[in-house]
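# Structural overview for review
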Amino acid sequence: MSVELTYLALVALVGLIVFLIAAALVNRDVGVDYAVGPRDQRIEPSSVSAGRMARAHANFVEWFTFFAPAVLLVELSGASNSWTENAARAFFLARLVYPAIYFAGIPYLRTLAWLVGFVATLILYLTPLI
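Below or above, wherever it landed, is the structure these notes cover.

Rules behind the numbers
- Residues numbered from 1 in each chain as written.
- Predicted model: local features only at pLDDT ≥ 70, side-chain atom pairs only at ≥ 80, totals over all residues.
- Heavy atoms only, no water.
- Phe/Tyr/Trp six-rings, centres within 6.5 Å; stacked < 30°, edge-to-face > 60°.
- Helix = DSSP H or I, 4+ residues; strand = E, 2+ residues; numbered from the N terminus.
- Buried < 20%, exposed > 50% of the residue type's maximum accessible area, 1.4 Å probe, protein only.
- Lys NZ or Arg CZ within 6 Å of the ring centre and 35° of its normal.

Before going further, it helps to examine the packing of aromatic side chains. Evaluation of the coordinates by the stated rule reveals 8 aromatic pairs. Judged by centre distance (5.5 Å) and plane angle (45°), the rings of tyrosine 7 and phenylalanine 92 are tilted. Within this pair, whereas tyrosine 7 is found in helix 1 (residues 3-30), its partner phenylalanine 92 is found in helix 4 (residues 82-104), the two being separated by 85 residues in sequence. Phenylalanine 92 matches tyrosine 7 in its accessibility class, with the two residues each being buried. Centroid distance phenylalanine 67 to phenylalanine 91: 4.0 Å. Interplanar angle 5°. Geometry classified as stacked. Residue phenylalanine 67 is found in helix 3 (residues 48-77), and its partner phenylalanine 91 is found in helix 4; the two are separated by 24 residues along the sequence. Since its relative accessible area comes to 0%, phenylalanine 67 is described here as buried. Aromatic rings pair up to connect Trp63, Phe66, Trp114 and Phe118 into one cluster. Over the face of the ring belonging to tyrosine 102 we find arginine 110, whose NZ or CZ atom lies 4.6 Å from the ring centre.

As structure tokens, this is what we get:
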């Protein structure tokens, strides 16, 4: 398996972990009856920590939809090189620390982690075109 595909799998694993943490925190806030019910009415989590993790998860999902196709584009085009490998690694590391930074409420560092992921994804999309 290529380096980029390995990081794609690792990023997906991070996403699953972030989802589980966010779900546990949100469900703690909204209660079991709501969590297992039909959720006809939207109830927002009441704690800061649950809200932050829910937003970190939403941001993860948003960016995974850009990252995964970029990795597949590199893989299918045969454009893998040290730039794409490092970009995939950087995206993984950014996504690994992003939820913890978001949870801790560190604004500028959170934006920096987001920016690293953005630039890494951009490199993955542009490399096959160059």
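Here the narrative resumes, following the displayed structure.
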